[in-house]
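Working through the structure, step by step
Listed below are the residues making up each chain.
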Amino acid sequence: MANAQGRELEGKVALVTGAVRRIGRAIVLALAGDGCTVVINARSSKAEADAVAAGIEALGGKALVHLADVTDEAAVQGMVDAALRHFGRLDILVNNAADRQQAPLTEISLAQWRHITGIIVDGSFLCARACLPPMIAGGGGTIINIGGASAHIGAHNRAHVITAKAALVGLTKAIAVEFADRGITANCVVPGHIGGQ
């Protein structure tokens, strides 16, 4: 139920990975606009992350920038710990970090394959695993994995991305079933094509 101002997420804290460009930035701004405090994650784009945070704060919202590589187990735990130190709770995780390289399947090296699946699949797993204990301790939470339409219909030159995004469907189902009785919901959101920057 919304509060008196209609801001349904007032008092909630969300961590969004890959949060400074395109859909990630839009997610952060939408959450903040609905009253949510946001932890803005990027791997290295500090200036862009700071600009997003400054825009939120200028409108009276709260934001924390935390640079971390989502494929680094210790860095992910450090990011979650920082969110808890600053805000005392964690209610929402949005796994959006991704690298959308293109190449014919026969030209994708094993290193490229592991790089893409590492960010999308391993990163989502590590973030979910780190966020679940504080969510459960707080009475529940929400995990949202950003999928991709190509995982369901296919596409040229994106086998690594498509495979990784399809794996997110399985991860989402696993979380939803395993943690439903502890107040956790999990959903995989599949946007259509989004152009521009």
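Attention here is on the structure that accompanies the text. Residue numbers restart at each chain and count upward from 1, following the sequence in its written direction. Only residues with pLDDT of at least 70 are given local features in this predicted model, and only at 80 or more are side-chain atom pairs given and counted; all residues enter the totals for whole chains, interfaces and linings. Side-chain numbers here rest on the full set of heavy atoms in the structure, without hydrogens or water.

Right, let's get into the overall build of the protein. Secondary structure assignment for the protein yields six helices and six strands. Put simply, DSSP H or I for four residues or longer makes a helix, DSSP E for two residues or longer makes a strand, and each gets a number counted from the N terminus. Going from the N terminus to the C terminus, the protein shows its helices and strands as β-α-β-α-β-α-β-α-β-α-α-β. Note that the radius of gyration is over C-alpha atoms, with the globule rule given as 2.2 Å times the number of residues to the power 0.38. Taking 2.2 N^0.38 as the reference for a compact globule, 197 residues should give roughly 16 Å; the C-alpha atoms of the protein span a radius of gyration of 16 Å, in line with that estimate. With the principal axes as the frame, the protein shows a C-alpha extent of 55 × 40 × 30 Å. Exposure is judged per residue with a 1.4 Å probe applied to protein chains only, and the accessible area is read against the type maximum: over 50% gives exposed, under 20% gives buried, and values in between give partly exposed. Here the protein holds 197 residues, and 42% of them are scored as buried. Relative to all contacts within the protein whose residues are 6 or more apart in sequence, the contacts with residues 24 or more apart total 70%. Shrake-Rupley sampling with a 1.4 Å probe provides the accessible areas, and residues are treated as covered by the protein chains on show and by no other component. Carbon and sulfur atoms provide 55% of the accessible area of the protein, an area that totals close to 9,900 Å². Two residues qualify as a contact provided that any one of their heavy atoms is within 4.5 Å of a heavy atom in the partner residue.

Looking at the element boundaries, Val76 is found in helix H3 (residues 73-87). Given the relative accessible area of 1%, Val76 is considered buried. When the C-alpha positions of Val76 and Gly123 are compared, they lie 8.4 Å apart, and in sequence the two are 47 residues distant. Discounting residues that sit within four places of it in the chain, Val76 has contacts with Asp69, Val70, Leu126, Cys127 and Ala130.

Let us look at the sheet that holds strand E6 (residues 184-189). Pairing in this open sheet of six strands is parallel, and the strands run E3-E2-E1-E4-E5-E6 from one edge to the other. Because the sheet does not close on itself, it has two edges, and the strands there are strand E3 (63-67) and E6. Pairwise comparison of adjacent strand axes, ignoring direction, gives a mean angle of 15° for this sheet. Bridging between strand E2 (residues 37-42) and E3 involves five bridges; their strand directions are parallel. Looking at the pairing, Asn41 lines up with His66 of E3. Helix axes use the C-alpha atoms of the stretch in contact, all axes being lines fitted to C-alpha atoms, and the angles between their N-to-C directions lie in the range 0 to 180 degrees. Lying over the sheet, helix H4 (residues 110-137) contacts strand E1 (13-16), strand E4 (92-95), strand E5 (141-146) and E6, oriented at roughly 175° with respect to E4. Seen against the sheet, helix H6 (residues 159-179) touches E5 and E6 and runs at an angle of roughly 160° to E6. Two strands are counted as paired when DSSP detects at least two bridges linking them.

Okay, the pattern of salt bridges next. Think of a salt bridge as a Lys or Arg side-chain nitrogen and an Asp or Glu carboxyl oxygen that are within 4 Å of each other. Tallied over the full model, the rule gives six salt bridges. When the shortest N-O distance is used, the salt bridge between Asp91 and Arg89 registers 2.6 Å. Taking relative accessible area as the criterion, Asp91 reaches 6% and is therefore assigned buried. Measuring nitrogen to oxygen at the nearest pair gives 3.7 Å for the salt bridge that ties Asp181 to Arg182. For Arg182, a relative accessible area of 38% corresponds to the partly exposed category.

By nonpolar core is meant a set of buried Ala, Val, Leu, Ile, Met, Phe, Trp, Tyr and Cys residues that side-chain atoms within 4.5 Å join together. Ranked by internal contacts, the top residues of the largest apolar core, which has 32 residues, are Leu15, Leu93, Cys131, Ile143 and Ile175. Sorting the residues of this core by element identifies E1, H3, H4, H6 and E6 as the ones contributing at least two each. Broken down by element, the residue count for this core peaks at ten residues, all from H4. Residues in contact with Ile175, not counting those within four places in the same chain, are Ala128, Ile143, Ala180, Ile184 and Ala186. Counting 20 residues, the second largest nonpolar core, distinct from the first, contains Ala19, Val52, Ala53 and Ile56.

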